[in-house]
Amino acid sequence: MSGAVGYVAQDSPIHRLHALTKVVWALGVFAAALAFVDVRYLAALLASVLAVAAAARVLTRLLPAMGGLLVFALILVFFQAVFLDRGRVLFYIIPWVDALPVTDAGLVLGVAMGLRMMAVVLSFLVLLATTQVKDITTMLVARLRIPYDYAFLFSIVLRFIPVFMREARQVDQAQRARGLVLEGWNPLRKLRGYAPLAVPLVLLSLRRAEQLAVALEMRGCGRGGGAVTDRPLKIADRLLVAVLLLATGAALAARIAGYGT
Amino acid sequence: MSGPPVVEIEDLYYRYPGGFTALRGITLTVNAGEMVALVGQNGAGKSTLARHLNGLLRPASGRIRICGQDAARLRVSDLARYVGYVFQNPDHQIFRETVAEEVAFGPANLELAPAEVAARVDAALRFVGLADKRDVHPYALSRGERQRVALASVLAMQTPVIVLDEPTTGQDYRASLEIMDRVRELNAAGHTIIFITHDMELVAQYASRVIVMAQGKVLADGGIREVFRCPDILAASRLAPPDITCLAQELAPFGVSGDILTVGEMVDVLTPRLGKVRC
């Protein structure tokens, strides 16, 4: 998963787009994913996100993340299937006592939720893989008038995800090298087993936060500075932003008109 | 001085999930009782190779045998009985509230009897000179002391092979020597030692054998004198022999042998030539 979060330095049509275009796209995907309930609409939306990932040549980089998301999606499907009792019963999970019925409606709703979650998360992963965080920050401040401190906070969070992941991996390796075993079924033991991983990670993160604060102050952060100027929007970007806004609007209008429910 | 093979690696390849091939056909054997230095520039594959020894990384192809057993068939927690691994940063592992508890974590995972765990903790703490700090919170210690806690926590597992990933990072020169002296004692006590370092002085002083890596391959593997005598191999891996060896190599026209490793050796070679002038 750690390899999947973060900028992939390469050239592609998607990489060359302005940060604003890609943020509008990700938000558009988000809105559409929330708007529609129909499995077919959500499947199409996910397909479109994957198409953009392919155009950005980051599809293979996202494969590990997709694997992880798929697991969560299956859990969603499972819970919806088990706890929704509308619709026609397809089969029982414990057949000999007819317990935990799985209905067609539950199954469909579960799949829809899985697709929705994957479309949204993957669209943001594509955004992060194709756009440098500093470009997003600059765009947020210069174009969307978001106060610099908040935009900077956002950029720090993104910046430190890969660092945190790398550290998590190292802590995991250090503890496993000392014989830590997290396998087994006893949930209580498992929970306790995470302390050797969680404690060093939290302490490292706290220390990093403190160091970062000092480093920022040392460089005069918080005094307020000059205006931020963003890269100009090219014609292609302006067109795309317009198209994306229209498409998102059309999607929402379609939903209100009763499509894709 | 060396016994049966404890680490046998055959044509090992490793690719990181991102696609970068970090190891390209490593073949080497380490025998019991050796003290091996693993050197090379950043990204040469030293840590990647070392992490195969206790199963933290699994080869894409090739075979690894640890103490005669196929490592591919053992879990990390099983390999932890054979190979101890001291990581660079002690803060990646410290999570208990006292030094003694921290050191006990490893041996307890080996499912030893409590009395045995306690005995090993005591011995390990005495060995690294922290016996009086056993009830102190690890974060109340200095970085150098925490490094020794990490070392003790691996020593307490009493593994036949100990891997040290840059054991002297962030230590001053004296502390580095102290740590390496302890490591040499471990070696003398029968542990096979493999240490990763950038410090050629430490290699010259402590290792009996050096493995030079560059771009995922082994460039040179042999006795220190043998390897340091070939400046082009070291240059290819962007390393330089210790200053005193460089000096000896510069003095070759005067008949000084190019494989001098320590100041003491240089003094022995030079004194007869310089006559009896003393100040």
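Residues numbered from 1 in each chain as written. Chains lettered and ligands numbered in written order. Predicted model: local features only at pLDDT ≥ 70, side-chain atom pairs only at ≥ 80, totals over all residues. Heavy atoms only, no water.

Enquirer: Give a detailed account of the packing of helix H2 (residues 19–35) of chain A against helix H5 (residues 104–130) of chain A, specifying residues and quantitative values.
Expert: Residues and elements named next belong to chain A. For the pair H2 and H5, interaxial distance at closest approach is 9 Å and the crossing angle is 175°. Considering the angle they form, H2 stands roughly antiparallel to H5. Contacts between H2 and H5 involve Lys22, Val23, Trp25, Ala26, Leu27, Val29, Phe30, Ala33 and Leu34 from the first element and Arg116, Ala119, Val120, Ser123, Phe124, Val126, Leu127 and Thr130 from the second. (Axes fitted to C-alpha atoms, helices over the stretch in contact; angles between N-to-C directions. Helix = DSSP H or I, 4+ residues; strand = E, 2+ residues; numbered from the N terminus. Parallel < 35°, antiparallel > 145°, perpendicular 65-115°, else oblique. Contact = heavy atoms within 4.5 Å.)

Enquirer: Got a sec to walk through the sheet that holds strand E9 (residues 209–214) of chain B? Specific residues and values, please.
Expert: Residue and element names in this part refer to chain B. Taking strand neighbours across the sheet as the criterion, the six strands line up as E6-E7-E8-E3-E9-E10 in an open arrangement whose pairing is mixed. For this open sheet the edge positions go to strand E6 (83–86) and strand E10 (217–223), each flanked by a neighbour on one side alone. If you compare each strand with its neighbour and ignore which way they point, the axes differ by 15° on average. Where strand E3 (residues 35–39) meets strand E8 (residues 192–196), four bridges bridge the pair, whose relative direction is parallel. Of the residues in E8, the one forming a bridge with methionine 35 is isoleucine 193. Packed onto the sheet, helix H5 (residues 143–155) meets E6 and strand E7 (161–165) and runs at close to 175° relative to E6. (Pairing = 2+ DSSP bridges.)

Enquirer: Tell me about the pattern of salt bridges, and please be specific about residues and values.
Expert: Overall, the coordinates contain 22 salt bridges over all chains when judged by the stated rule. In this structure, glutamate 145 of chain B and lysine 133 of chain B form a salt bridge, with 2.9 Å as the shortest nitrogen-oxygen distance. Note that glutamate 145 of chain B is positioned in helix H5 and lysine 133 of chain B in the loop between helix H4 (114–127) and H5, a separation of 12 residues in sequence. Judged by relative accessible area, which is 17%, glutamate 145 of chain B ranks as buried. What makes lysine 133 of chain B partly exposed here is its relative accessible area of 24%. For the salt bridge of aspartate 135 of chain B with arginine 134 of chain B, the shortest nitrogen-to-oxygen distance reads 4.0 Å. Assessed through its relative accessible area of 59%, aspartate 135 of chain B is described here as exposed. Relative accessible area serves as the criterion here: at 30%, arginine 134 of chain B is assigned to the partly exposed category. By sharing partners, the salt bridges in this structure join Arg207 of chain A together with Asp91 and Arg146 of chain B into a single network. (Salt bridge = Lys/Arg side-chain N within 4 Å of Asp/Glu carboxyl O. Buried < 20%, exposed > 50% of the residue type's maximum accessible area, 1.4 Å probe, protein only.)

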